[in-house]
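This is what each chain is made of:
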Amino acid sequence: MAATDLHTLLKSLRVWHPEATELRPFDPAAAPAEPLPLFTTWFAEAVAAGQPEPHTVSLATSDEEGRADVRIVMLHGADAHGWSFASHATSRKGHQLSARPYAALAFYWPVLGRQVRLRGPVTAAPAEESQADLHARSTGALAAALTGRQSSPLSSLEELRTESEAAWRRAHADPAAPSPTWTLYHLRPEEAEFFQGDPDRRHVRLRYVAEPDGGWRRELLWP
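This structure is a prediction, so every number in the text was calculated from the model and none was measured.

K.L.:
Even after reading the chapter, I still don't get the overall build of the protein chain, so can you show me in this structure?
P.N.:
Counting its secondary structure elements, the protein chain contains 6 helices and 10 strands. The dimensions of the protein chain, computed from C-alpha atoms along their principal axes, are 55 × 55 × 40 Å. Counting all 223 residues of the protein chain, 35% fall into the buried class. In the protein chain, the proportion of contacts linking residues at least 24 apart, taken out of those at least 6 apart, comes to 64%. Summed over its atoms, the accessible surface of the protein chain is roughly 13100 Å², and 56% of this surface lies on carbon and sulfur atoms.

Here it is, written out as structure tokens:
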């Protein structure tokens, strides 16, 4: 596509079309004292509103030289330990988190015009917890984990097919097969921001900031 065609296409697009998006009122004064209950409510509302794949989230990390990287992962849970996702410790993001154990997450639910952004330190769960997380998931997830070598150079799609078919056979034969490098990560937010879009562009942004005593400070941000 020519650059001019791309620009024309971009100008033709609309954000939060009324036929696809419901911009709900958000009163930050009524928000809970901690971010997790509000996240749980917003997540459930996104599911109920029909948001496709609301559990997918952008994960931003950085390498040893501080260069940023981002990709989409799946949320595995959110509780007192933090917001959880998983990957191989030997993957690109695994190496980056080992070198710089700090990351950011960004959820986007356009059906409600909402974003949730979190950032904070990341810790790796113990091996037992990581394996339990893997084996609680689907056969396909186990097969993908057993295929391994995530982010490593691949010689051909045929090699991938061969390795994947072997991993699927093993996953069916042994649902408890271990994947030693599979790691569950917990991001414990130091900041959590909730963004609610507004049709008049008076977007509401509420940020929670962790305090040293374990509590949270809440503040509004200009849109």
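K.L.:
Quick question: what am I supposed to make of the packing of helix α5 (residues 139–147) against helix α6 (residues 157–173) here?
P.N.:
The geometry of a pair of packed helices is captured by two quantities: the angle between their axes and the separation between those axes. Remark: α5 packs on α6, axes separated minimally by 8 Å, with the N-to-C direction vectors making an angle of 125 degrees. By the angle between their directions, the pair α5 and α6 is classed as oblique. Crossing hand, α5 versus α6: right-handed. For the pair formed by α5 and α6, the contact residues are Thr 139, Gly 140, Leu 142, Ala 143, Leu 146 and Thr 147 on the first element and Leu 160, Glu 163, Ser 164, Ala 167, Trp 168, Arg 170, Ala 171 and His 172 on the second. Residue classes in the contact of α5 with α6 are distributed as 7 nonpolar, 5 polar and 2 charged.

Rules used throughout
Residues numbered from 1 in each chain as written. Predicted model: local features only at pLDDT ≥ 70, side-chain atom pairs only at ≥ 80, totals over all residues. Heavy atoms only, no water. Helix = DSSP H or I, 4+ residues; strand = E, 2+ residues; numbered from the N terminus. Buried < 20%, exposed > 50% of the residue type's maximum accessible area, 1.4 Å probe, protein only. Contact = heavy atoms within 4.5 Å. Areas by Shrake-Rupley, 256 points an atom, 1.4 Å probe, with all protein chains shown as cover. Axes fitted to C-alpha atoms, helices over the stretch in contact; angles between N-to-C directions. Parallel < 35°, antiparallel > 145°, perpendicular 65-115°, else oblique. Left-handed = near helix turned anticlockwise from the far one by under 90°. Nonpolar A, V, L, I, M, F, W, Y, C, P; charged D, E, K, R; others polar.

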